[in-house]
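# Coordinates in review
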Amino acid sequence: MKIVETAALLQLCLYATATVWAQSSTDTVTAAAGDTAILPCYSTGNVTPSLTRWTKDGREVLSGDSAAGQRLSVLPDGSLNIRAVSPEDEGSYLCSSTLPLHASFRAEVQLRVVGGPESLSTFISPAKALPNGTLVTYRGSTIFFNCSSSSNASRQLSWAFRGASSGNNSLVSSTGSWLHFSIEDIQPSAQGNYSCRSRNTVSHQTTNISTQLLVYHVPDRHPECLWKLAQDTYHVHFICSWVDAYPPANLSWVESHGGPDEVYILLSKVSPSLSVTLNRSVLFDGQTVACVAKHEALPPGTKKECSFTIVPPFPEGEPLVTTLEETNVTLTCTEKQSTPPAHTAWKRGLKQEDIIPGSKYILSVDGPVFKLTIINVGKDDEGIYFCRSENPLTVRELEVYLTVKTSSVYTGAIIGVFLAVLIVGSAIIIAKMLYSSRHRVCLGGGLGQADQDREDVVSLVESDDEQIFQDTVPRLPPLTNGCNTTLVQIHGIPSSDQEDTEPPDTSSQQQDDVEKEEPVTLVTY
């Protein structure tokens, strides 16, 4: 009896258990598109359900075990396995599992499919796009960099730079849907690849866009014009260089014949340097040759060029040089106006023989001055020397004649100069003496009588009585050699002794003076 009651009670307990539902909380599973997602169902103990049924949004998606190779399958523990998850798999899933002894279990799982990052784009401005997608900007510009991405999950954006001399350097990063930064006064060192990277923080998937940015620039200076003389001196190489321009500029050698419309292109090429060779037949005095550079980085209206005007040589110096034997002498020649620069050298003799430097001849150059020093000059060194200057246009020479004198010749010359100076000095002294005594010469006394008459006083006599003069002075002719004549009266000057001892007798003195009057002729001009 007791056995029957126990079996009945056990059956009743099993029946009661079959009617109990186990309800778990809602779980959330996140998976990236393309990944495999596992949705758990019964997670209590190690009991394997006998039957599992999965529904999505009220519709059954899978019941029981699935065949191999299908995208959806039920694992032995009742979990739902989804391979190659797609955005369409996202939703709410319900799991119903039947356990042994007719017990059941239900669980709800939320599947979230994250995608991306998607729609990644970059924008760099201001910049010009080349046909291959490369962007171009110019030195000194301000450049703005923008990057954006769309994703239904958290993402991280970052900008990185890789240059010619640097690795992949991170510039800026942030979480969000867009990221931007700018570079002011951009320089050639900022030329390289700029990459925007978007990373999905859930799926860890990344996407990247890389853009090459070129920074065009030109040097501030003008091109450099050089010339190089050929060995035959009939040709000249004109060289133009502008090596710091990027990309290389278009260089052109042009020649001008005077007017702005008379410009002819000799050679043109895109290159850091350009050379052209011209011969003497196409060169002329006053011809202008220029190197013109063209580059898109140059501002409008800016011109970069170098030029020069062809000028023939013109050596200058003293054509006559005199020196003494057994001394050193230096012949000097200056040539500074030739364009291109002339090749200048000293030659000797009518055959213009080369002068070989040594202990006898010393050649030196000081800028445009060319010197030839001859040591211990002798008579054999006398003769003609040539300072010969040649450029691709023409040849010109300076003739210098060297005269070598002996020391005796110079001694006679010094004596001769001394005598000449002595004679000239004597003549000057005599002339000054004659000039200072010119009035006495005119009186007719001459230089010899000047001292004898020094104590006589000459005075003019005026009288109303002409008879006195007629008696005492003979009549004189009115003119003598163009000089006027007049009468004078000479009085003797008493000595100082007589003046001191006794007073003069006025009456007798006047009588004596009348008796002692002598007629003279005064010549005036």
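Nothing here was measured: the structure is a model prediction, and the numbers come from that model.

Cut-offs applied
- Residues numbered from 1 in each chain as written.
- Predicted model: local features only at pLDDT ≥ 70, side-chain atom pairs only at ≥ 80, totals over all residues.
- Heavy atoms only, no water.
- Helix = DSSP H or I, 4+ residues; strand = E, 2+ residues; numbered from the N terminus.
- Areas by Shrake-Rupley, 256 points an atom, 1.4 Å probe, with all protein chains shown as cover.
- Disulfide = S-S within 2.5 Å.
- Buried < 20%, exposed > 50% of the residue type's maximum accessible area, 1.4 Å probe, protein only.
- pLDDT = per-residue confidence, 0-100.
- Contact = heavy atoms within 4.5 Å.
- Pairing = 2+ DSSP bridges.
- Axes fitted to C-alpha atoms, helices over the stretch in contact; angles between N-to-C directions.
- Core = buried A, V, L, I, M, F, W, Y, C linked by side-chain atoms within 4.5 Å.
- Salt bridge = Lys/Arg side-chain N within 4 Å of Asp/Glu carboxyl O.
- Polar contact = N/O pair within 3.5 Å; in protein donor to acceptor, adjacent residues only side chain to side chain.
- Patch = residues over 30% accessible without salt bridge, like charges linked within 9 Å, V, L, I, M, F, W, Y side chains within 5 Å.

### Things to note about the overall build of the protein
Looking only at helices and strands, the protein has 6 helices and 37 strands in total. Summed over its atoms, the accessible surface of the protein is roughly 32,600 Å², and 54% of this surface lies on carbon and sulfur atoms.

### Looking at the state of the cysteines
The tally for this structure, following the rule as stated, stands at 5 disulfides. What pairs with Cys225 in a disulfide is Cys306, and their sulfur atoms sit 1.9 Å apart. The S-S bond linking Cys225 to Cys306 shows a torsion near 75 degrees; that makes this disulfide right-handed. Highlighted residues: Cys225 in strand 19 (residues 224-229) and Cys306 in strand 25 (residues 304-309), separated in sequence by 81 residues. Cys306 shares its class with Cys225; the two are buried. At a sulfur-sulfur separation of 2.0 Å, the disulfide partner of Cys240 is Cys291.

### Let's talk about the confidence of the model for the protein
For the protein, the mean per-residue pLDDT works out to 78, and 72% of the residues sit at or above 70. The low-confidence segment residues 446-474, where pLDDT is below 50, has 29 contacts with residues more than four positions distant or belonging to other chains.

### Quick word on the sheet that holds strand 6 (residues 72-74)
Backbone hydrogen bonds are what pair the strands of a sheet, in a parallel or an antiparallel way. Spatially, 3-7-6 is the arrangement adopted by the 3 strands of the open sheet, whose pairing is antiparallel. Either end of the sheet is taken by a strand with one partner, and the two such strands are strand 3 (37-39) and strand 6. With direction set aside, neighbouring strand axes in the sheet form an average angle of 20 degrees. Relative to strand 7 (residues 80-82), strand 3 runs antiparallel, the two being bridged by 3 bridges. If you follow Ala37 over to strand 7, its bridge partner there is Ile82.

### Describing the nonpolar core
Counting residues in each nonpolar core, the largest one holds 26 residues, and the members touching the most others are Phe238, Trp242, Leu251, Trp253, Cys291 and Phe308. Counting residues per element, the ones that place at least two in this core are strand 18 (206-216), strand 20 (235-241), strand 21 (250-256), strand 23 (273-279), strand 24 (288-294) and strand 25. Counting 20 residues, the second largest nonpolar core, distinct from the first, contains Ala31, Leu39, Leu80 and Leu111.

### Some remarks on the pattern of salt bridges
Summed over all chains, the structure comprises 12 salt bridges. When the shortest N-O distance is used, the salt bridge between Lys128 and Glu296 registers 2.8 Å. Residue Lys128 is found in strand 11 (residues 128-129), and its partner Glu296 is found in the loop between strand 24 and strand 25; the two are separated by 168 residues along the sequence. Glu390 serves as the salt-bridge partner of Arg388, at 3.1 Å between the closest nitrogen and oxygen. Overlapping salt bridges, with partners in common, bring together Arg280, Arg388, Glu390 and Glu397 in one network.

### Section: the environment of Lys56
Structurally, Lys56 can be placed in strand 4 (residues 51-56). Counting along the chain gives 52 residues from Lys56 to Glu108, while the straight-line C-alpha distance between them is 9.7 Å. Residues in contact with Lys56, not counting those within four places in the same chain, are Val61, Glu88, Asp89, Glu90, Gly91, Ser92 and Tyr93. Separated by 2.6 Å, the side chain of Lys56 and the backbone oxygen of Glu88 make a polar contact.

### Observations concerning a nonpolar patch on the surface
Residues Ile415, Phe418, Leu419 and Leu422 make up a contiguous nonpolar surface patch of roughly 410 Å² in combined accessible area. Assignment of secondary structure puts Leu419 in helix 2 (residues 407-436). Overall, the relative accessible area of 44% leaves Leu419 in the partly exposed class.

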